[in-house]
Each structure stands twice: as structure tokens, then as C-alpha cells.
Amino acid sequence: MSTVVVLGGAGFVGSHLVERLLNEGKKVICIDNFLTGSESNVEKFLENPNFVFIKHDLIHSLPSINGQVDVVFHLASPASPNAKSPKSYIAYPIETLMVNSVGTKNALEFAHQKNAKFVYASSSEIYGDPAVSPQKEDYFGNVNPNGPRSVYDEGKRFGEAICSAYARKYKLDVRVIRIFNTYGTRMQKDDGRVVSNFINQALRNEDITIYGDGDQTRSFCYVDDLIAGLIGCLDVESGFYVINLGNPDEHTIADLASKIKEMVGSSSKIVHEDLPMDDPHRRKPDIAYAKELFGFEPKIKLDTGLAKTIEYFKTSI
Ligand code: NAD
Ligand code: UDP
């Protein structure tokens, strides 16, 4: 039986990945310090004999784990840019820089010792406020190196650089995955991200807060499609790969607000607040490379994914 280590497995994406791996019969060792994740995301796996949870902060070397490890997924990092959320990377600026730098180094060192494949969750944020659209992997980005978002953008860029260094120096088998906006069940309702904010505001009939004029775009990927890509990327020849994963179906934030309000049947007012500094104006992945490499094709339409997410939040409101 193969063994997979998931760093950040108590988070939104990580807990879906753990579930999928357990369903495939893998042994899963999940490491997390609950900085932005939650115990409730993993407690249902604890009765599975193939699941082990270790509470640990990745800025310290990984705990010793006996036996073979085949794959390490490094998903540990705060991920929301919303300064109003207690779980955002703006609220945890140093932690975000450290987990993506020192934490990634510790994770790579562990993978190197175990001769395991390494998958790093990078982000579309490495493209900053992109001057080209859609964004393809060979675009170097347009990033403010010291603005409020820089702790995440530059943290992820450092993470990519150290992944490439381990791949070059030690021939480590590495996939850097640039994840574009992903949503779905098990997002935290106070994470401040646009989908969770709009759904929770609509369910409570509170104002739906569009930042700026709402013309900015995002392309939303349902979490199951992302997980299919994270698993799919393991099936390519050994090497160093940088791969976009997301859904290229692009929407303005104003459209998203109206859609969610209508789907919930809410009486919320749609209001406008200030646009945060360096908020990217457009974001849309070019996913041709993932399609060519392992047939990646997101299947879940926005309406279907939103309906599932709305149902999830209804039960936790
Ligand atoms: P999340 O906050 O739900 O999950 C991150 C997990 O990492 C949490 O459980 C948190 O407790 C854990 N963690 C953070 N710092 C840690 C540390 N020092 N030691 C141990 N554990 C730590 O976020 P998510 O949305 O699930 O994102 C997962 C990964 O995917 C992140 O690396 C994020 O940057 C990346 N990503 C996500 C998206 C998205 O749309 N969800 C987009 C781009 C990139
Ligand atoms: N946004 C918004 N209202 C909110 C939360 C976010 O208008 O309550 C906007 C945000 O300014 C950005 C987009 O929605 O333009 C996506 O924000 P999110 O925090 O989900 O992720 P980002 O793609 O910026 O990392």
C-alpha cells in the first residue's frame, strides 16, 4: 500500500485530498497545526486505520516517520487575502512567509530523505496583477514585492524557487501546481474569500459586499475538479513540472454576486466597498499544459458547484 503525506491536510483543499486518497486505499499521514484549518475537517477520518494525524508546525523539521513514503503534498499555508478575515495571510504575514519558505525547505528535505514525489501548492497569485490573460505557465507575472499581498505572492515565488533548486540539485521529482480560485464544501465561513463571503451574506440576508466596482474577474474551480488534477499530476514521468490547475470559466465579481443572491433567493442588498490594494484585475488560467500532460478537464459548472456549496453553508450557518 502506498503512503502519502499531506501537509496542511486539515484545511479546505487538504481535507478533500485526504478523503480522496483514503477512498483510493492509500495510507495517509496528515500534518497540520490548525492555523487556518480545523479539527472538524479531519475528525471523521480518525476512525480509518489508514489515517494518521500529527499536529505539527512545519517551520520545524518534520517529525520522523518510519517506513516508505511515496508522495508528499505540501498544501500548508494561509490562503485568503481578505484583511477582514482572522484567517487571512494578511492576518498571518510572518507565518505565511515562514511556512512557504522554511516550511517548504523542511518539506523538501523530508521528501528528499524518503525519495518521495513532491507536490507543492503554489498559486495563481505568483502572477500578481497579470498584464496578460489568460495566464500561461511561461508568464513571469507582475508582483508588488512589498505590498500587503507580497507575503503570500513572494512566499509562493520563493517556494517555487526552492522546489526548482531541489529538483535541479537532487533530481527530486517535483510538481509545482499553480492553483487558481477554488471553492466548495469545507471552506471556512469566516475565511473572507469571495464565494464564502457572498454565500454567507446572502444566507443571512446581509449586505453582499463587492470590493471596487465589481468588474474584476476570477475563474472559479470546484474543489473536486482541483483534486482530480492534484491526483492526475502524479501520473507523469519523473521530472520538474510547473502546472496551472483551475477552471478557465471567467466571471466578473459583480456577476458572481448577482448569481449567488438569486440562487439563495436572498433579500440582501448588493453594496460596494473599497478595493483592496493590488487586487488583481483579471484572472483566468490557461490549462492547456495540464490537459496535454494528464488529460485535465474541469467538469463541474459554476451553478452546480455553487449549489453544493450553498447547501453546505446552510447546514453550518
Ligand atoms: P486552508 O487555509 O484551508 O488550508 C491550509 C492548511 O495549512 C490549514 O489547515 C492550516 O492550518 C495549515 N497550515 C498553515 N500553516 C501551517 C504550518 N506552519 N504548519 C502546519 N500546517 C499549517 O487553505 P486552502 O484553500 O485549503 O489552501 C491549500 C493550499 O492551496 C495553500 O497552500 C494555498 O496557498 C493553496 N492555494 C489555494 C487556493 C484556493 O483557492 N483555495 C488557490 C491558490 C492556492
Ligand atoms: N471580493 C469581494 N467581496 C468580498 C470578498 C472578495 O468583492 O467580500 C473580491 C476581491 O476583492 C477579489 C475577488 O473578490 O477581487 C476574489 O477575492 P478572494 O479573496 O476570493 O481571492 P483572490 O482571488 O483575490 O485571491
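Please refer to the structure higher up on the page.
Reference entry: report on the structure contained in this document. (Residues numbered from 1 in each chain as written. Chains lettered and ligands numbered in written order. Predicted model: local features only at pLDDT ≥ 70, side-chain atom pairs only at ≥ 80, totals over all residues. Heavy atoms only, no water.)

## Here's the deal with the site of ligand 1
Close to ligand 1 lie 28 residues, the nearest being V13, D32, T36, Y152 and T182. G37 places a polar main-chain atom, nitrogen or oxygen, 3.0 Å from an oxygen atom of ligand 1. Note that an oxygen atom of ligand 1 is positioned 2.5 Å from one of the side-chain N or O atoms of Y152. For ligand 1, the protein covers 97% of the area, taking 820 Å² as the surface of the free molecule. Of all the secondary structure elements, the ones that give two or more residues to the shell around ligand 1 are helix 1 (12-23), strand 5 (117-123) and helix 4 (150-170). Partitioning the shell around ligand 1 into residue classes produces 13 nonpolar, eleven polar and four charged. (Near = heavy atom within 4 Å. Polar contact = N/O pair within 3.5 Å; in protein donor to acceptor, adjacent residues only side chain to side chain. Areas by Shrake-Rupley, 256 points an atom, 1.4 Å probe, with all protein chains shown as cover. Helix = DSSP H or I, 4+ residues; strand = E, 2+ residues; numbered from the N terminus. Nonpolar A, V, L, I, M, F, W, Y, C, P; charged D, E, K, R; others polar.)

## Digging into the pairing of strand 1 (residues 3-7)
A regular strand places its side chains so that they alternate between the two faces of the sheet. Within strand 1, five of the five residues are buried, which leaves the element mostly enclosed by the surrounding structure. Where burial is concerned, the two faces of strand 1 agree: the one with T3, V5 and L7 and the one with V4 and V6 are both buried. Taken together, the five bridges between strand 1 and strand 2 (residues 27-32) define a ladder with parallel strand orientation. Its bridge partner lying in strand 2, L7 is registered against I31. Where strand 1 and strand 4 (residues 71-74) come together, four bridges link them in parallel fashion. By the bridge assignment for strand 4, V5 is matched with V72. (Buried < 20%, exposed > 50% of the residue type's maximum accessible area, 1.4 Å probe, protein only. Pairing = 2+ DSSP bridges.)

## A few points about the sheet that holds strand 4
The seven strands lie next to each other as 3-2-1-4-5-6-11, forming an open sheet whose pairing is parallel. Bordering the open sheet on either side are strand 3 (51-55) and strand 11 (240-245), each of which pairs with just one other strand. Averaged over all pairs of adjacent strands, the angle between strand axes in this sheet comes to 15°, irrespective of strand direction. Its contacts with the sheet place helix 4 against strand 5, strand 6 (174-179) and strand 11, and it is angled at close to 155° to strand 5. Of the strands in this sheet, strand 4, strand 5, strand 6 and strand 11 are in contact with helix 6 (residues 223-232), which crosses strand 11 at around 170°. (Axes fitted to C-alpha atoms, helices over the stretch in contact; angles between N-to-C directions. Contact = heavy atoms within 4.5 Å.)

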